[in-house]
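An overview of the molecular structure
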Amino acid sequence: MIQIDASLLQKMLIGGAERLEARKEYINELNVFPVPDGDTGTNMTMTAMAAAKEVAGAELSIKEITRGLSSGSLRGARGNSGVILSQLFRGFYKGVKDEEVLTTKSAAAGFKYAADTAYKAVMKPKEGTILTVAKAAAEAAVRTARQEKDFENFAKIVMEEAWAVLERTPEMLPVLKEAGVVDSGGQGLMEFLQGAVEVMSGKEVQVSGIKDMAPKPAEKQTGEIPQEEIRFGYCTEFIVMLRESWNEEKEQEFKTCLSGIGDCVVVVGDEDIVKVHVHTNHPGKAIEKGLSYGELTSMKIDNMREEHQERLHLSGEIKAAEKGPRKPYGFIAVSIGDGMNRIFRDLGVDYLIEGGQTMNPSTEDMLKAIEQVNADTVFILPNNKNIILAATQAQSLVEDKRVVIIPTKTVPQGISAFIGFEPEQDEETNVENMTEMMENVRTGEVTYAVRDTSVGGKEIRVNDIMGIDDDGIQEVGSSIEKVAMDLLDGMMDEESELISIYYGQDIREEDAACMAEKIEEKYPDCDVQLEYGGQPVYYFLLSVE
């Protein structure tokens, strides 16, 4: 086989996503940290399945299929591994979109674009990860394509070299070597590629079956359903097939026009297509302007007022209210647990995305939340290090609002950062203040192990209780209270003044109060605050300031 046409490529990409889904739990088990978080296999699978759904519905051309791969994964990306996978897909699209069919040389170019794009997306690339495996596959592809035109021979050589590099990842990252595992993200990428190669070699996949398979929502959106009149009633989306070359001047002209008739404007263009999204009362005007640049496809207009009323009827919450003016600042926080949600709402957060630990919100979840906040500048508190990349990806897709990410890695950091906000100050001062408040917080988490492993010289078994601070796993034992107390001891110093305890849904109030009393006795010079967090998975969240 010396070429791959659009039909076969479509099936190969779907086959890759299906194999990744089938191997999801195995990939999850490779995670070094034994915490019950949203794991690599889960995040990569949900990202790939969002892409596969777009691929299955795309027109049969290399350009449209790889465009679907890129756009579907971009908005469906979850967790750091999912965002990196989406960037690999985006780069592959850039590398092959002008091809009628794929040859080994054009496929190799796509691999090279993929690796380069993913590396650029990560601020501090680390070797021994999915990036290393992607780079190895790209280098092998470019080198092999110079002599090999047959795809089966090409794929065999590339896969053998990439698998070999994956097996060497423990030599590049000591934490992998200690745990005795390869990198989970790299394994996920190889499973996807293996699935694609299997289809190329004759394995059957059902394209029709994937079209209706939307990824299950990972978390509910807990922002208040707006109880007011919607200013712009029609969510209008379409793609412009450009008849002339596209440039920044035309893009700005288009954005200016759309901003004049609505809000939530997104205009993302390449050399030959522009994807458009706008909320407006005059969808016809948006469409008319789009037609001035080329032919339209994938048009979709939704009546948001009608959908809004249906949602309100379903929840029994129809109330008449007037929409307030657009605010200078608004806030989105990722939270989990009814107690934590209440704390953030009481502080004044506009919109909550419930998720974080057991499942990471997607880029699409972030975009929807940003749309709901009626403010010129929207601050996002991710409250989890594995969500920051998805928030950053959403930030890059928003045009009509300024989005600022405060890189909070824990919920206590998010609470402190929000408290540091001062409405009368300008944005730059607030970012400095909020970041300083965040950095002054030391966070501890008490949870249980979901797998046997070895981390930092500690042997850990399933169901062991673990105490984790900002530097990693510090305590391992069998008693929740003892692990929590020992963890807190390690977090304290002479300057500590405030200890906050958030107890989870599996801890009784009286037990939490008893532990708080012991902490007060041990640290009489500190203020001790006990709050119900209601978070699953984590028995206690502790913070010291």
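For the structure, check the block above.
Throughout what follows, the structure given in this document is the object of discussion. All values reported here derive from a predicted model rather than from experimental measurement.

The rules behind the values
Residues numbered from 1 in each chain as written. Predicted model: local features only at pLDDT ≥ 70, side-chain atom pairs only at ≥ 80, totals over all residues. Heavy atoms only, no water. Helix = DSSP H or I, 4+ residues; strand = E, 2+ residues; numbered from the N terminus. Buried < 20%, exposed > 50% of the residue type's maximum accessible area, 1.4 Å probe, protein only. Contact = heavy atoms within 4.5 Å. Areas by Shrake-Rupley, 256 points an atom, 1.4 Å probe, with all protein chains shown as cover. Pairing = 2+ DSSP bridges. Axes fitted to C-alpha atoms, helices over the stretch in contact; angles between N-to-C directions. 1 Å grid on protein atoms, 1.4 Å probe; cavity = no way out; pocket = protein on both sides within 12 Å on 5 of 7 lines; lining within 4 Å. Points joined across faces, edges and corners; volume = space filled by probe spheres on them. Nonpolar A, V, L, I, M, F, W, Y, C, P; charged D, E, K, R; others polar. Right-handed = clockwise from strand over helix to strand, strands pointing away. Phe/Tyr/Trp six-rings, centres within 6.5 Å; stacked < 30°, edge-to-face > 60°. Lys NZ or Arg CZ within 6 Å of the ring centre and 35° of its normal.

For the rest of this paragraph, the subject is the overall build of the chain. Summing up its helical and strand segments, the chain has 22 helices and 16 strands in all. Taken across its 545 residues, the chain has 55% of its residues classed as buried. The long-range share in the chain, meaning contacts at least 24 apart out of those at least 6 apart in sequence, stands at 73%. Element-wise, carbon and sulfur atoms account for 48% of the exposed surface of the chain, whose accessible area totals about 24,600 Å².

Okay, the sheet that holds strand E12 (residues 465-469) next. The 6 strands are arranged E13-E12-E9-E16-E14-E15 in an open sheet whose pairing can be described as mixed. Edge positions in the sheet fall to strand E13 (472-477) and strand E15 (527-532), since each of these pairs with one other strand and no more. When strand polarity is set aside, the average angle formed by the axes of neighbouring strands in this sheet is 20 degrees.

Enumeration according to the criterion identifies 4 cavities of 30 Å³ or more in this entry. Put simply, the largest cavity is a space of about 460 Å³. Contributing to the lining of the largest cavity are 27 residues, with Phe 92, Phe 111, Phe 192, Leu 193 and Ala 196 lying nearest its centre. Taken together, the elements giving at least two residues each to the lining of the largest cavity come down to helix H1 (6-22), helix H5 (79-96), helix H6 (104-121), helix H7 (130-145), helix H8 (151-167) and helix H11 (184-200). Per element, the largest residue contribution to the lining of the largest cavity is 6 residues, and it comes from H11. In terms of residue class, the lining of the largest cavity is made up of 26 nonpolar, 1 polar and no charged.

Turning our attention to the pairing of E15. In this sheet, E15 lies alongside strand E14 (residues 498-503) in parallel orientation, the contact comprising 6 bridges. Its bridge partner being in E15, Leu 498 is matched across the sheet by Asp 527. Read from E14 through helix H22 (residues 509-522) to E15, the crossover connection turns out right-handed.

A word on the environment of Val 544. Mapped onto the elements, Val 544 comes out in strand E16 (residues 540-544). By relative accessible area, Val 544 is classed as buried at 0%. Along the chain, Val 544 and Ile 499 lie 45 residues apart, while their C-alpha atoms are 4.7 Å from each other. In this view, Val 544 contacts Asn 440, Val 441, Arg 442, Leu 488, Met 491, Met 492, Ser 496 and Leu 498; residues no more than four positions away in its chain are not counted.

Turning our attention to the environment of Leu 347. With respect to the helices, strands and loops of the structure, Leu 347 is situated in helix H16 (residues 338-347). Taking the C-alpha atoms as reference, Leu 347 lies 7.7 Å from Phe 418; in sequence the two are 71 residues apart. Setting aside its immediate chain neighbours within four residues, Leu 347 contacts Ile 415, Phe 418 and Ile 419.

For the rest of this paragraph, the subject is the sheet that holds strand E8 (residues 402-405). Overall, parallel pairing links the 4 strands, which are arranged E6-E5-E7-E8 in an open sheet. Each edge of the open sheet carries a strand with a single partner, namely strand E6 (351-354) and E8. Direction aside, the axes of adjacent strands within the sheet are offset by 20 degrees on average. With respect to the sheet, helix H17 (residues 363-372) is in contact with strand E5 (327-335), E6, strand E7 (375-381) and E8, its orientation differing from that of E6 by roughly 165 degrees. Packed onto the sheet, helix H18 (residues 388-395) meets E7 and E8 and runs at close to 165 degrees relative to E8.

Under the counting rule described, the total for this entry stands at 12 aromatic pairs. Pairing Tyr 503 with Tyr 532 gives two aromatic rings, centres 5.3 Å apart and planes at 55 degrees, and the pair type is tilted. Linking Tyr 503 in strand E14 with Tyr 532 in strand E15, this pair joins segments that are 29 residues apart in sequence. Taking the relative accessible area as the measure of exposure, Tyr 503 reaches 8% and is therefore buried. Owing to a relative accessible area of 31%, Tyr 532 belongs among the partly exposed residues under this scheme. Following the ring pairs from residue to residue traces out a cluster consisting of Tyr 329, Phe 331, Phe 379, Phe 418 and Phe 421. The residue whose ring lies beneath Arg 23 is Tyr 26, and the NZ or CZ to ring-centre distance is 4.5 Å.

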